[in-house]
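Structural features, examined
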Amino acid sequence: IVTTGIGQRHGIISHLMRLGRRWLTSPEDASEALVRLACAPDHADTSGIYFDGLEPSQPAPRALDDGLGEQLWRYTLETLQVTDPFPVPGPVVSPS
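These lines cover the structure that appears in this document, whether it is placed above or below. All values derive from a computational prediction rather than experimental measurement.

This part is about helix α3 (residues 66-80). Taking 1.5 Å as the rise per residue, α3 with 15 residues should run 21 Å; its terminal C-alpha atoms sit 21 Å apart, in good agreement. Between the side-chain oxygen at the start of α3 and the backbone nitrogen of G67 there is a gap of 2.9 Å, and the oxygen is on D65. A positive backbone phi angle near 55° is found at Q81, which sits one or two residues after α3.

Structure below.
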């Protein structure tokens, strides 16, 4: 988890952040891994792999659940009150 400063001024989040600070990743460390993976020539053809820092890792089973991903996508669209910018085309119907 990256410590970003969000919610650190008020409430229970600020207390939890202070308590867990030693186990949190700094934004600089988190961005270093992203930049190295994005720019490394040996990862030029890497796609669809989950990384934990710089190490390939297996995501949680729920992260691989397409149905759950679709639910989350629809919920996000409804919450933001936007239309789907990447609609899946429906079946082509020939004019009669």
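Time to look at the packing of aromatic side chains. Taken as a whole and judged by the stated rule, the model has one aromatic pair. A ring pair is formed by W73 and F86, whose centres lie 6.4 Å apart and whose planes are at 40°; its orientation type is tilted. Here W73 is found in helix α3, whereas its partner F86 is found in the segment after α3, with 13 residues between them in sequence. By relative accessible area, which is 32% here, W73 ends up partly exposed. Relative accessible area serves as the criterion here: at 63%, F86 is assigned to the exposed category.

Oppositely charged side chains can pair when the atoms bearing their charge come close. Applying the stated rule across the entire model yields two salt bridges. Between E70 and R74 there is a salt bridge, with its nearest N and O atoms 2.7 Å apart. One end of the pair is E70 and the other is R74, both in helix α3 and four residues apart, which spans about a single turn. Owing to a relative accessible area of 38%, E70 belongs among the partly exposed residues under this scheme. The exposure class assigned to R74 is partly exposed, which follows from its relative accessible area of 35%. The partner of R74 in a salt bridge is D84, with the nearest N and O atoms 3.3 Å apart. Separated by 10 residues along the polypeptide, R74 in helix α3 and D84 in the segment after α3 bring together distant segments of the chain. Accessibility expressed as a relative area gives 18% for D84, which makes it buried.

Calculation rules
Along each chain, the written sequence defines residue order, and numbers are assigned to residues from 1. In keeping with the predicted nature of the model, local features appear solely for residues at pLDDT of at least 70, side-chain atom pairs appear and are counted solely at 80 or more, and the whole-chain, interface and lining totals rest on all residues. As a convention, hydrogens and water are excluded, and side-chain values are obtained from all of the structure's heavy atoms. A run of H or I in DSSP counts as a helix once it spans at least four residues, and a run of E counts as a strand once it spans at least two, with each numbered from the N terminus. Helix span is expected to be 1.5 Å times the residue number reduced by one. Any pair of nitrogen or oxygen atoms within 3.5 Å is treated as a polar contact; in protein, a donor-acceptor pairing is required on top of that, and neighbouring residues in sequence qualify only through side-chain atoms on both sides. Here a Phe, Tyr or Trp ring, Trp counted by its six-membered ring, pairs with any other such ring whose centre lies within 6.5 Å, and the pair is stacked when the planes are under 30 degrees apart, edge-to-face when over 60, and tilted otherwise. Note on classification: 1.4 Å probe, protein chains only; a residue is buried when its accessible area is under 20% of the maximum for its type, exposed when over 50%, partly exposed between these limits. We define a salt bridge as a contact between a side-chain nitrogen of Lys or Arg and a carboxyl oxygen of Asp or Glu at a distance within 4 Å.

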